[in-house]
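Descriptive analysis of the structure
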Amino acid sequence: MFNKRIKIKELLSLEPNNQQVTVMGWVRTFRNNQFIALNDGSTNTNLQVVVELGKYGDVFLKGITTSAALKVSGVVIPSLGKGQKLELRSEQIEILGESDPEKYPLQPKKHSLEFLREIAHLRFRTNTFGAVFRVRHTLGFAVHKFFNDKGFLYLQTPIITASDAEGAGEMFRVTTLPLENLPKNEDGSINFKEDFFGRGTNLTVSGQLEGELAATSFGDIYTFGPTFRAENSNTPRHLAEFWMIEPEMAFYDLEDNANLAEEFIKYIIRYAIDNSSDDLEFLAQRLADEEKQLPQEKRSEMGLVEKLEFVLNNNFERLTYTEAISILQESNHNKKKRFQFPITGWGMDLQSEHERYLVEKHFRKPVILTNYPREIKAFYMRQNDDGKTVAAMDILAPGIGEIVGGSQREERLEKLEQRMKEMNVPVDQLWWYLDTRRFGTVPHAGFGLGFERMVQFVTGMNNIRDVIAFPRAPKSADF
Ligand code: 4AD
Ligand code: MG
């Protein structure tokens, strides 16, 4: 049988006792025609395979190059060398796939993250990306476990939609109309009746509106899927295609919502620490090495794992937008005109530098900001009695900025319709959404966690393009 192999992670946990095993993986290095470091992706730790001297001819040994794929059968024995408890004394080596060392772009040395982005199809084979994507996997699993254990229903919302859930107009169009010869109406506008769906459609920016439909039947639901934003933001925090987790809960107010979000974030961090500790240790070391090149004042005060433990052990700071504005206004940073965007006063939207000041300089921990001015938030957020603010909440994380956006929803039909009209959100097209307010409306709330931003926070990776396998960003859609 071809596939009777043991994964290296499991093998490394054994007590060496002359077990007969078969492993398969890719060569990381080959030293002295004798020691192969073999990796199969199950762990960052390589297996040392010992090649019996004199058993193989030169031609065969020359085929054991970096990234060649091997099948090795042999015996597990205690290692005499330093750095590993066991090794595999090979009895039979088969080269499954060769790798031409002249052409293979990854050398056993440190490559820049920028260079690796250009060869994203091979970067999984590096230690850094191996660790990042195993941690990403663990976090994704923890998301499902958290909600499943709480009795939430996993809802898959559509990727192609006709609505703009955020009302921000940052959508990618979906069409089969010929771009070079668009069918027109008499008034010159495009005739979408001839399009595939008989109407204009786009890629979803959020599954929230559909999530609300399900929450008002099942009570508690969550989505976990790709979302798309055609915002021209070329930053280390933005992607054009990113994954979002959107829980939506009936019978929840803003405070319940904030409590769930904090519990959720802490749960998945704890899960990663408990289940991906070796990869996190590796990433912590990587970050520490990287920061050694920075001037002292730019280095993090805490190591990666220390930072995660700190987040787990402290309550998130909760304050209103109004309180945040006065903190920012009074700050020396503002008085000394150090913000690129000065604090102009109540009503302004917060820039990421302001959010980061609050979490990194002022509170030094995650912050939940609530009750934003309604003018800078989406139409569906519940209007507060003051007539100025809505029951919104954003969670801001050190080094990242906004990681969660959410709110209590406007469950009162008239108020919602009025706000939609004021904000030019098409009331008639969203008839199905408004039906939830007509038939058994209830207080409800939800939020969206940007999965890649969460992965960044946990792995310490600076650029969001390094925590998603094949990033989509302005002018960039390779692979
Ligand atoms: O704040 P946003 O736009 O909120 C919503 O979409 C709501 N419908 C969520 C809800 O209440 N159900 O996005 C939510 C989160 C942000 O806080 C951020 O973490 C992430 O999604 N996000 C992005 N991540 C990467 N690239 C982008 N372009 C992102 N835009 C938002
Ligand atoms: Mg937001």
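Residues numbered from 1 in each chain as written. Chains lettered and ligands numbered in written order. Predicted model: local features only at pLDDT ≥ 70, side-chain atom pairs only at ≥ 80, totals over all residues. Heavy atoms only, no water.

What to know about the pairing of strand 4 (residues 69–78)
Counting buried positions over the 10 residues of strand 4 gives 9, a clear majority of the element. Two strands pair when backbone bridges link them, and strand 1 (residues 20–31) and strand 4 are joined in this way by 7 bridges, in the antiparallel orientation. Residue pairing in the sheet places Val 21 in a bridge with Gly 74 of strand 4. (Buried < 20%, exposed > 50% of the residue type's maximum accessible area, 1.4 Å probe, protein only. Helix = DSSP H or I, 4+ residues; strand = E, 2+ residues; numbered from the N terminus. Pairing = 2+ DSSP bridges.)

Regarding the site of ligand 1
Lining the immediate environment of ligand 1, one finds 24 residues, of which Glu 166, Gln 208, Arg 229, Glu 246 and Glu 402 sit closest. Within the backbone of Gly 405, one N or O atom sits 3.3 Å away from an oxygen atom of ligand 1. Protein contact buries 93% of the 630 Å² of open area that ligand 1 shows by itself. Contributions of two or more residues to the shell around ligand 1 are made by strand 11 (241–250), strand 15 (401–408) and strand 16 (444–450). (Near = heavy atom within 4 Å. Polar contact = N/O pair within 3.5 Å; in protein donor to acceptor, adjacent residues only side chain to side chain. Areas by Shrake-Rupley, 256 points an atom, 1.4 Å probe, with all protein chains shown as cover.)

Section: the pattern of salt bridges
Applying the stated criterion to the full structure yields 31 salt bridges. A salt bridge links Asp 289 to Lys 292, with the shortest nitrogen-to-oxygen separation between them at 3.3 Å. Asp 289 gets classed as partly exposed once you look at its relative accessible area, which sits at 36%. (Salt bridge = Lys/Arg side-chain N within 4 Å of Asp/Glu carboxyl O.)

Observations concerning helix 8 (residues 304–313)
Among the residues of helix 8, those classed as buried are Leu 304, Lys 307, Leu 308, Val 311 and Leu 312. All buried residues of helix 8 lie within an arc of 140° about the axis, which places them on one face of the element. Buried residues in helix 8 make contact with helix 6 (254–275), helix 7 (277–291) and helix 14 (451–459). (Arc of directions from axis to C-beta. Contact = heavy atoms within 4.5 Å.)

Looking at the side chain of Asn 202
Along the chain, Asn 202 falls in strand 9 (residues 201–203). Reaching out from Asn 202, the side chain makes a polar contact with the backbone oxygen of Ser 163 at a distance of 3.5 Å. When residues no more than four places from it in sequence are discounted, the contact partners of Asn 202 are Ile 159, Ile 160, Thr 161, Ala 162, Ser 163, Met 171, Phe 172, Arg 173 and Val 174.

Let's talk about the packing of helix 4 (residues 127–149) against helix 7
Look at helix 4 against helix 7: their axes get within 9 Å of each other, and the N-to-C directions meet at 130°. Relative to helix 7, the element helix 4 lies oblique. For the pair helix 4 and helix 7, the crossing hand works out as left-handed. Residue-level inspection shows Asn 127, Thr 128, Ala 131, Val 132, Arg 134 and Val 135 of helix 4 in contact with helix 7, the latter providing Asp 279, Leu 280, Phe 282, Leu 283 and Arg 286. Along the lines of polarity and charge, the residues of the contact of helix 4 with helix 7 split into 6 nonpolar, 2 polar and 3 charged. (Axes fitted to C-alpha atoms, helices over the stretch in contact; angles between N-to-C directions. Parallel < 35°, antiparallel > 145°, perpendicular 65-115°, else oblique. Left-handed = near helix turned anticlockwise from the far one by under 90°. Nonpolar A, V, L, I, M, F, W, Y, C, P; charged D, E, K, R; others polar.)

Let's talk about unusual backbone geometry
Although it is not a glycine, Lys 337 sits at a positive phi angle of roughly 60°. As for its placement among the helices and strands, Lys 337 is situated in the loop between helix 10 (332–335) and helix 11 (352–362). Look at Lys 337 and you get exposed, because its relative accessible area is 72%. A positive phi angle is found at Lys 475, which is not glycine, with a value near 60°. By secondary structure assignment, the location of Lys 475 is in the segment after helix 14.

Here we look at a nonpolar patch on the surface
A surface patch of nonpolar side chains, amounting to about 390 Å² of accessible area, comprises Ile 159, Ile 160, Phe 196 and Phe 197. For Phe 196, the location among the structural elements is in the loop between strand 8 (173–174) and strand 9. (Patch = residues over 30% accessible without salt bridge, like charges linked within 9 Å, V, L, I, M, F, W, Y side chains within 5 Å.)

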